[in-house]
Amino acid sequence: MGPQAEPADVLVIFGISGDLAKKMTFRALYRLELRNKLECPIIGVARNEWADDDCRGHAREAVASTVDEVDEAVLARLCDRLSYVAGDYGDAETFKRVKKAIGKAKRPVFYLEIPPSLFAPVVLNLGEAGLTDGARVVIEKPFGHDIESARELNAQLLQVLDEDQILRIDHFLGKEPVMDIAYLRFANTMLEPIWNRRYISHVQMTMAEDFGVDDRGRFYDPVGTMRDVVQNHMLQVMSLVGMEPPAGHGEDPIRDTKLNFFKAVRSADPKKCVRGQYDGYRDVEGVAKDSQTETYIALELEVDSWRWAGVPFFIRAGKCLPVRETEVNVVFQRPPRLVAGPLSAPDPQQMVIRIDPSPGARIRFLAKKAGEDAFDPADFKVLFERTPGADPEPYERLLGDALKGNNRLFTREDAVEETWRIVQPLLDEPAPVRPYEPGSWGPKEANELVKGVCAWYEPWMPDEGEG
């Protein structure tokens, strides 16, 4: 299934009454309707004893709470597409009602916004009801909680679906600045000759959040930072930074190339991992009083390839850190000391790709400081988003692609298993959890992780008036 697949003729959303639909899905559907990119009816399925009008009212409330200026005509068109089926996901009668609601549609997209434990039962019930032929099924992460559970889930799904019918959604892959990474690398000829171990010292990746778990303790405590963002979001970004140029005329060259990169990444070494937990986490409702769940993680990964051998990739992610910032920092080799000029060697050049907030890129050059024998940073910056709000948002893009039959930005099972393989040793032998103060950059042991190679760089934050 590639870009030439036929578009869907109905969208069925399981879990339409849930939190994800309220915060993300209805906003995405509204934006698709606004751009005239919705062409099919939408059927919501949930346990709530709603009528069609109740579901439409829920949609109106969700859009009103997530969209600043609602176009009532657009919202009315969206609501006109909506109908509702009530029922338990384990009851075969529910799926008979779904089949009746679908009617003569031949190319349904089923979007499962439900707990992961229900993915397989719902898909198997869809198969029993004869609803999987010609269908595409979108499932949310997590795709398992380790490599074995990921394989088990996939085996269950493949009882009634083919691999190209399964769309594993990782909203990070729908972010415009994440997609920009490949364009920056491969559309600018001057970067390719230096994008390798000869010129690059190391790569740092940071995903910092300046807030805590708050009211999500019950969900977060069994998961932790590793499963929540590292195994999926951050490794996917790492693959775009490190993969070879996509080549060939096959159906899936980009995802094939990313898979090859994941295969080259060594399984993580537990001795090169630091886990942390912010003070006060165990007081959050839903969190165990003796919880060993990490809210911070830092690790080093190595890549056994000609391009990256000997270049460490340092990853850190955490909650209750000083800022909210997601970025990749490609750090080049330090140049030698100049014959004329300052006695110290210049700092290494950096290329920073900022994903959130204010997506953009910055290349740091060094020039002479006016009137002194000293170095002065001279940055070249570019912001990716020209008009705020104009670019498609992640769920908007990914839902639109699912409806069109374009699977390029969805995660394939072989890549899912490789990313679990990479982090599995850290799950089997978890490092001790170190405490850290909220508002700090995590436990001090994280500084030891990078010692001898670098120090953690402060994130590139937007300058005033930058965006």
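This text goes with the structure placed above it.
Note that this is a predicted model, so its numbers are computed, not measured. (Residues numbered from 1 in each chain as written. Predicted model: local features only at pLDDT ≥ 70, side-chain atom pairs only at ≥ 80, totals over all residues. Heavy atoms only, no water.)

**With respect to empty space enclosed by the protein**
Okay, so step 1: Enumeration according to the criterion identifies 4 cavities of 30 Å³ or more in this entry.
Okay, so step 2: Put simply, the largest cavity is a space of about 50 Å³.
Okay, so step 3: Lining the largest cavity are Phe172, Met205, Thr206, Met207, His233, Met234, Val237, Thr326, Glu327, Val328 and Ile355.
Okay, so step 4: Elements supplying a minimum of two residues to the lining of the largest cavity: strand 7 (200-208), helix 9 (224-242) and strand 11 (325-332).
Okay, so step 5: In terms of residue class, the lining of the largest cavity is built from 7 nonpolar, 3 polar and 1 charged. (1 Å grid on protein atoms, 1.4 Å probe; cavity = no way out; pocket = protein on both sides within 12 Å on 5 of 7 lines; lining within 4 Å. Points joined across faces, edges and corners; volume = space filled by probe spheres on them. Helix = DSSP H or I, 4+ residues; strand = E, 2+ residues; numbered from the N terminus. Nonpolar A, V, L, I, M, F, W, Y, C, P; charged D, E, K, R; others polar.)

**Topic: the pattern of salt bridges**
Okay, so step 1: Tallied over the full model, the rule gives 36 salt bridges.
Okay, so step 2: For the salt bridge of Glu244 with Arg307, the shortest nitrogen-to-oxygen distance reads 2.8 Å. Within this pair, whereas Glu244 is found in the loop between helix 9 and helix 10 (253-264), its partner Arg307 is found in the loop between strand 9 (296-301) and strand 10 (313-318), the two being separated by 63 residues in sequence.
Okay, so step 3: For the salt bridge of Glu294 with Arg275, the shortest nitrogen-to-oxygen distance reads 2.8 Å. Taken together, the positions of Glu294 in the loop between strand 8 (273-278) and strand 9 and Arg275 in strand 8 put the pair 19 residues apart, joining distant regions of the chain.
Okay, so step 4: Overall, Glu294 belongs to the buried group, its relative accessible area being 6%.
Okay, so step 5: What emerges from the salt-bridge pattern is a single network uniting Arg27, Arg31, Arg35, Glu393 and Glu396. (Salt bridge = Lys/Arg side-chain N within 4 Å of Asp/Glu carboxyl O. Buried < 20%, exposed > 50% of the residue type's maximum accessible area, 1.4 Å probe, protein only.)

**Section: the pairing of strand 4 (residues 108-112)**
Okay, so step 1: Of all 5 residues in strand 4, 5 are buried, a share of seventy percent or more.
Okay, so step 2: For strand 1 (residues 10-14) and strand 4, the ladder comprises 5 bridges, and the chain directions are parallel. Counted as the bridge partner of Leu11 is Val109 from strand 4. (Pairing = 2+ DSSP bridges.)

**So, the layout of surface pockets**
Okay, so step 1: Roughly 400 Å³ of internal volume is contained in the second largest pocket.
Okay, so step 2: Lining the second largest pocket are 22 residues, with Ala182, Leu240, Ile254, Arg408 and Leu409 sitting closest to its centre.
Okay, so step 3: Of all elements in the fold, only helix 7 (176-187), helix 9, helix 10 and helix 12 (413-428) reach the threshold of two or more residues within the lining of the second largest pocket.
Okay, so step 4: Taken together, the residues of the lining of the second largest pocket break down into 13 nonpolar, 2 polar and 7 charged.

**Focus: the packing of aromatic side chains**
Okay, so step 1: Across all of its chains, the model carries 12 aromatic pairs by this definition.
Okay, so step 2: With centroids separated by 5.9 Å and ring planes inclined at 65 degrees, the aromatic side chains of Phe14 and Tyr89 adopt a geometry described as edge-to-face. Linking Phe14 in strand 1 with Tyr89 in the loop between strand 3 (82-86) and helix 4 (92-102), this pair joins segments that are 75 residues apart in sequence.
Okay, so step 3: Taken together, a centroid distance of 5.3 Å and an interplanar angle of 75 degrees make the contact between Trp308 and Phe313 edge-to-face. (Phe/Tyr/Trp six-rings, centres within 6.5 Å; stacked < 30°, edge-to-face > 60°.)

**Focus: the sheet that holds strand 6 (residues 166-169)**
Okay, so step 1: With respect to topology, 6 strands assemble into an open sheet ordered 3-2-1-4-5-6, the strand pairing being parallel. Only two strands of the sheet have a single partner each, and these edge strands are strand 3 and strand 6. Across the sheet, the mean angle separating the axes of adjacent strands is 20 degrees when strand polarity is ignored.
Okay, so step 2: By the bridge criterion, 4 bridges tie strand 1 to strand 2 (residues 42-46) in an arrangement that is parallel. Bridge pairing in strand 2 places Ile13 opposite Gly44.
Okay, so step 3: Sheet strands touched by helix 1 (residues 19-34): strand 1, strand 2, strand 3, strand 4 and strand 5 (136-140). Its angle to strand 1, the strand with the most contacts, is close to 170 degrees. (Axes fitted to C-alpha atoms, helices over the stretch in contact; angles between N-to-C directions. Contact = heavy atoms within 4.5 Å.)

**As for the pairing of strand 1**
Okay, so step 1: Most of strand 1 sits out of view: 5 of its 5 residues are buried.
Okay, so step 2: Where burial is concerned, the two faces of strand 1 agree: the one with Val10, Val12 and Phe14 and the one with Leu11 and Ile13 are both buried.

**Topic: helix 3 (residues 72-81)**
Okay, so step 1: Among all positions in helix 3, only Val74, Leu75, Leu78 and Cys79 are buried. The buried residues of helix 3 occupy one face: seen down the axis, they fall within an arc of 135 degrees.
Okay, so step 2: The secondary structure elements touched by the buried residues of helix 3 are helix 1, strand 2, helix 2 (52-66) and strand 3.
Okay, so step 3: Two to three positions downstream of the cap, the backbone nitrogen of Ala73 sits 3.0 Å from a side-chain oxygen, assigning the N-cap of helix 3 to Asp71. (Arc of directions from axis to C-beta. Polar contact = N/O pair within 3.5 Å; in protein donor to acceptor, adjacent residues only side chain to side chain.)

**Let's talk about unusual backbone geometry**
Okay, so step 1: Going from Lys141 to Pro142, the amide bond is cis rather than trans, its omega being 5 degrees.
Okay, so step 2: Position of Pro142 relative to the elements: it lies in the loop between strand 5 and helix 6 (147-157).
Okay, so step 3: In the segment running from Asp356 into Pro357, the intervening peptide bond is cis, with an omega of -10 degrees.
Okay, so step 4: Mapped onto the elements of the fold, Pro357 is located in the loop between strand 12 (350-356) and strand 13 (360-368).
Okay, so step 5: Despite not being glycine, Asn36 has its phi angle at roughly 60 degrees, a positive value.
Okay, so step 6: Of note, Asn36 is situated in the loop between helix 1 and strand 2.
Okay, so step 7: At Asp214, a residue that is not glycine, the phi angle is positive and equals roughly 55 degrees.
Okay, so step 8: One can find Asp214 in the loop between strand 7 and helix 8 (217-220).

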